Amino acid sequence: QVQLVESGGGLVQAGGSLRLSCAASGRTFSTYTMGWFRQAPGKEREFVASIRWSSGFTSYADSVKGQFTISRDNAKNTVYLQMNSLKLEDTAVYYCAAEEGLSVFRRQAGDFGSWGQGTQVTVSS
């Protein structure tokens, strides 16, 4: 059973940075695509970024391209989301997701079968 545990969220001022972590366990993830999604109050969960574990190939939402970076550490079985130049509109609960064999270009929440519990990111002015 896939287990995903996010950490690293918190309160940060606009323009600041945070790095989210997603510790993955329960499977060998070499054939998985890992994703980050976010959900702001009253809004739908939206795609942020994804990474193909084996190749490291990445995909980003246009809204975060050049601002966020997704990466993975094979030795630690952990996926990261480095978030720079944070804006008020980046405030949301951020979720880690995983799906075996998924194209890195699939961006719907329904494409991913495993989810973490989420971590809150709040950007203040």
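For the structure, see preceding data.
These notes cover the structure that comes with them. What you are looking at is a predicted structure, and each value in this text was computed from that prediction instead of being measured.

### Side note on the packing of aromatic side chains
Inference 1: Counted under the stated rule, the structure contains 8 aromatic pairs.
Inference 2: Taking the centre distance of 5.7 Å and the plane angle of 65° together, the rings of phenylalanine 57 and phenylalanine 105 count as edge-to-face. Here phenylalanine 57 is found in the loop between strand E5 (46-52) and strand E6 (58-60), whereas its partner phenylalanine 105 is found in the loop between strand E9 (92-100) and strand E10 (114-115), with 48 residues between them in sequence.
Inference 3: Take phenylalanine 105: its relative accessible area is 54%, and that puts it in the exposed class.
Inference 4: Each member of the aromatic cluster is reached from another via a ring pair, and the members are Phe37, Phe47, Tyr95, Phe112 and Trp115.
Inference 5: Between arginine 45 and the ring centre of tyrosine 95, over which it is positioned, the NZ or CZ distance is 3.7 Å.
Inference 6: Cation over ring: arginine 45 sits above tryptophan 115, and NZ or CZ is 4.8 Å from the ring centre.

### Re the environment of serine 63
Inference 1: By secondary structure assignment, the location of serine 63 is in the loop between E6 and strand E7 (68-73).
Inference 2: Given the relative accessible area of 43%, serine 63 is considered partly exposed.
Inference 3: For serine 63 and aspartate 73, which are 10 residues apart along the polypeptide, the C-alpha to C-alpha distance reads 25 Å.

### Let's talk about the pairing of E7
Inference 1: Inspection of the sheet shows E7 paired to strand E8 (residues 78-83) by 6 bridges, in the antiparallel sense. Its bridge partner being in E8, phenylalanine 68 is matched across the sheet by methionine 83.

### Considering the sheet that holds E8
Inference 1: An order of E1-E3-E8-E7 is seen for the 4 strands of this open sheet, with the pairing classed as antiparallel. The sheet terminates laterally at strand E1 (3-7) and E7, the two strands that pair on one side only. The average angle at which neighbouring strand axes cross in this sheet is 15°, direction not considered.

### Describing the environment of isoleucine 51
Inference 1: Considering the arrangement of structural elements, one finds isoleucine 51 in strand E5.
Inference 2: The exposure class assigned to isoleucine 51 is buried, which follows from its relative accessible area of 2%.
Inference 3: Isoleucine 51 sits 20 residues away from serine 71 along the chain, and the two C-alpha atoms are 7.0 Å apart.
Inference 4: In contact with isoleucine 51, not counting residues within four places along its chain, are Tyr32, Thr33, Met34, Gly56, Phe57, Thr58, Ile70, Ser71, Arg72, Val79 and Val104.

Calculation rules
- Residues numbered from 1 in each chain as written.
- Predicted model: local features only at pLDDT ≥ 70, side-chain atom pairs only at ≥ 80, totals over all residues.
- Heavy atoms only, no water.
- Phe/Tyr/Trp six-rings, centres within 6.5 Å; stacked < 30°, edge-to-face > 60°.
- Helix = DSSP H or I, 4+ residues; strand = E, 2+ residues; numbered from the N terminus.
- Buried < 20%, exposed > 50% of the residue type's maximum accessible area, 1.4 Å probe, protein only.
- Lys NZ or Arg CZ within 6 Å of the ring centre and 35° of its normal.
- Pairing = 2+ DSSP bridges.
- Axes fitted to C-alpha atoms, helices over the stretch in contact; angles between N-to-C directions.
- Contact = heavy atoms within 4.5 Å.

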